[in-house]
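Examination of the molecular architecture
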Amino acid sequence: MSWRDRLPPPLRRRDYALLWVTTLLTGTGAQMIAVAVGWQVYAIHKNPFDLGLIGLMEFVPLPLLALPAGQLSDRVSRKRVIAVSIVLDTAIVVLLLVVTLTGAHRLWPFLALAAATGVSASIGWPALRALPPVLVPMEILPSAMALRSISFQVATVAGPALGGLIFAASPDAVYATAAALFVLAFACAIAMRVPPIEVREVEPLGWNSVLAGIHFIRRTPMLLGAISLDLFAVLFGGAIALAPVFARSILHTGPLGLGALRSAPAVGAVAAGVWLTRKPLQRHAGRTLLLVVGAFGVSMVVFGISRSLPLSLAALAVSGFVDMISMNIRGTTVAVATPDALRGRVLAVEMVFISASNELGAFESGVAAALVGAVTAVVAGGALTIGLAASWVRLFPALAHIDRMEDVRAAEAV
């Protein structure tokens, strides 16, 4: 048996493997940058509100550009859209290197480049996430979706760890290394062979076309309930944006400790991803989603009250494990329920929800920490997340009673 035969079936397919590597390289570079920027920004004023502003600036372009970007992804070559996004990321990291070389004493350059990062993500995200269903057959799609998440999470483990290690030696080298990773990712993206978009009929441009993704999600109760639950859960329960505060002021560790904190959720997520690749979720999808979101809230409460670095790392690892299960349920549902010609626009809407929970959640965390303290903000957010998971049973009863994800696809096809 050759080494290729030992790979999971999706990775035996050339173009999906290139997509997987592209995701790994760009994700690793982005996570390295996040560690460096977080440390540099917090060092300017020692104010957690500044970290929240970075998240806000990354989020602002998304609701403005998401729907046009989704339309673009459904009309032109998705491979080229991804390549353009990577070029923008490369330009941003070069400018961050320039800012670092000139001293990194002012906040506004980091805010401007955070906004540029949001623009790049708006362009590339829908196209990148729309490709797995067209690169692998449907019978191995759940495995492909889990592997895609593993790629992202491996990057989230390796990126902060490498970023913290390299930053401790030379902040400049973090950005130079990330730029090199983006160049390699660009080469992989260009090498992919992507089938043309399946369009059943020529759809005229207009608001109805742009808003088609929103209309589709409104007609899919499980999808609407799942992504809105993720929005509010991470919005209130996400604490990773405050990792620099916990690293420096509560756990009293350095850049390496910060890198470990940022990597911990991904360690748990990789473990969950490997498990899902070997044993995809078959039953009780809705109930499982609500349970893992509640568990995410519990892990945030533990992280907030912890004064031990090992306990904090364990709590964040658990949060990553359960969040991976949540992402797998949502991602597979979107992939199987959405026609290819509409997939970019649906994923663009999902991008706004996810980014609102991450980037806007980072802003919320920074504001809450500035007002009531980092510990209180994280513990209260975790408690709110637990309450949300319980309340969603009544707000979205259809979500709680979903059994197999294949049933969602059959229902929506009618």
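The structure this text deals with has already been given above.
None of the values given here were measured: they were computed from a predicted structure. (Residues numbered from 1 in each chain as written. Predicted model: local features only at pLDDT ≥ 70, side-chain atom pairs only at ≥ 80, totals over all residues. Heavy atoms only, no water.)

1. Things to note about the packing of helix 14 (residues 285–305) against helix 17 (residues 374–395)
Their axes nearest at 8 Å, the elements helix 14 and helix 17 cross at an angle of 165 degrees. On the basis of the axis angle, helix 14 is roughly antiparallel to helix 17. At the point where helix 14 passes helix 17, the crossing takes the left-handed sense. Contacts between helix 14 and helix 17 involve Leu290, Val293, Gly294, Phe296, Gly297, Val298, Met300, Val301, Phe303, Gly304 and Ile305 from the former and Val375, Val378, Val379, Gly382, Ala383, Thr385, Ile386, Ala389, Trp392 and Val393 from the latter. Here the contact of helix 14 with helix 17 is composed, by residue class, of 16 nonpolar, five polar and no charged. (Axes fitted to C-alpha atoms, helices over the stretch in contact; angles between N-to-C directions. Helix = DSSP H or I, 4+ residues; strand = E, 2+ residues; numbered from the N terminus. Parallel < 35°, antiparallel > 145°, perpendicular 65-115°, else oblique. Left-handed = near helix turned anticlockwise from the far one by under 90°. Contact = heavy atoms within 4.5 Å. Nonpolar A, V, L, I, M, F, W, Y, C, P; charged D, E, K, R; others polar.)

2. Quick notes on the side chain of serine 319
The residue serine 319 is located in helix 15 (residues 309–337) in this model. Judged by relative accessible area, serine 319 falls into the buried class, the value being 4%. Side-chain polar atoms of serine 319 contact the backbone oxygen of leucine 316, separated by 2.6 Å. Setting aside residues no more than four positions away along its own chain, serine 319 makes contact with Pro265, Phe296, Ser299 and Met300. (Buried < 20%, exposed > 50% of the residue type's maximum accessible area, 1.4 Å probe, protein only. Polar contact = N/O pair within 3.5 Å; in protein donor to acceptor, adjacent residues only side chain to side chain.)

3. Section: the packing of aromatic side chains
Going through the model one piece at a time under the given rule, you end up with three aromatic pairs. Where tryptophan 275 meets phenylalanine 321, the ring centres are 6.3 Å apart and the plane angle is 20 degrees; that geometry is what we call stacked. Remark: phenylalanine 321 occurs in helix 15 and tryptophan 275 occurs in helix 13 (residues 255–278); sequence separation between them is 46 residues. When the ring centre of tryptophan 39 is taken as origin, the NZ or CZ atom of arginine 248, which lies over that ring, is 4.8 Å away. (Phe/Tyr/Trp six-rings, centres within 6.5 Å; stacked < 30°, edge-to-face > 60°. Lys NZ or Arg CZ within 6 Å of the ring centre and 35° of its normal.)

4. Brief notes about the pattern of salt bridges
Scanning the model with the defined rule gives two salt bridges in all. One salt bridge in this structure joins arginine 14 and aspartate 15, with 2.7 Å as the shortest N-O distance. Residue classification places aspartate 15 among the buried positions, given a relative accessible area of 13%. Across the salt bridge formed by aspartate 15 and arginine 193, the nearest N and O atoms sit 3.7 Å from each other. (Salt bridge = Lys/Arg side-chain N within 4 Å of Asp/Glu carboxyl O.)

Remember that the coordinates give geometry; whether it matters functionally is a separate question.
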